[in-house]
Amino acid sequence: QVQLVESGGGVVQAGGSLRLSCAASGRTFSNYVMGWVRQAPGKEREFVAAASWSGASTTYIDSVKGRFTISRDNAKNTVYLQMNSLKPEDTAVYYCAAADTSWIPRDVRNVERYRYWGQGTQVTVSS
């Protein structure tokens, strides 16, 4: 079991920034691909970003490339999502998730690959 707890959400104006954090406990954090997934009201879950076990490899959905950065600190069992130049369409509940999978970008962009999930943190971007 891996327990995940997100923090850092809030309300921000368009163009602003937020940094989400996800603290993990339980099994060895560095064994898992870590991802961020979001869900807007009335919409399906959407993959946002993922980082490999070491954090050396990352992948993003096209709409956040150049604006969001995923990183991880395995010594602190924490993964981060730095979100800059936020847009109203980024408004959603953001979930941290862990996947016990090989680093294949096509696979880690599939939300069904993620076994463990946090409770989510709300991000609201006002126009």
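As a reminder, the structure under discussion sits directly above these lines.
Throughout what follows, the structure given in this document is the object of discussion. Values in this document were obtained by computation on a predicted structure and should not be read as measured data.

**Focus: the overall build of the protein**
Right, on to step 1. In terms of helices and strands, the protein carries 1 helix and 11 strands.
Right, on to step 2. For the protein, the α and β elements follow one another from N to C terminus as β-β-β-β-β-β-β-β-β-α-β-β.
Right, on to step 3. Relative to the globule expectation of 14 Å for 127 residues, the C-alpha radius of gyration of the protein, 13 Å, shows essentially globular dimensions.
Right, on to step 4. Overall size of the protein, expressed as C-alpha extent along the three principal axes, is 40 × 25 × 25 Å.
Right, on to step 5. In the protein, which comprises 127 residues, the proportion classed as buried is 46%.
Right, on to step 6. A separation threshold of at least 6 residues defines the contact pool for the protein, and within that pool the share at least 24 residues apart is 60%.

**Details of the environment of M83**
Right, on to step 1. Here M83 is to be found in strand β8 (residues 78–83).
Right, on to step 2. C-alpha separation for the pair M83 and R67, spaced 16 residues apart in sequence, amounts to 6.1 Å.
Right, on to step 3. Discounting residues that sit within four places of it in the chain, M83 has contacts with G16, S17, L18, L20, R67, F68, Y94 and V123.

**As for the side chain of T78**
Right, on to step 1. Along the chain, T78 turns up in strand β8.
Right, on to step 2. With relative accessibility at 11%, the residue T78 sits in the buried group.
Right, on to step 3. Of note is the side chain of T78, whose polar atom sits 2.8 Å from the backbone oxygen of K76.
Right, on to step 4. When near neighbours in sequence (up to four residues on either side) are disregarded, T78 contacts S21, C22, A23, F29, S71, R72 and D73.

Reading guide: rules and limits
- Residues numbered from 1 in each chain as written.
- Predicted model: local features only at pLDDT ≥ 70, side-chain atom pairs only at ≥ 80, totals over all residues.
- Heavy atoms only, no water.
- Helix = DSSP H or I, 4+ residues; strand = E, 2+ residues; numbered from the N terminus.
- Rg over C-alpha atoms; globule rule 2.2 N^0.38 Å.
- Buried < 20%, exposed > 50% of the residue type's maximum accessible area, 1.4 Å probe, protein only.
- Contact = heavy atoms within 4.5 Å.
- Polar contact = N/O pair within 3.5 Å; in protein donor to acceptor, adjacent residues only side chain to side chain.

Read these as spatial facts, not as claims about activity.
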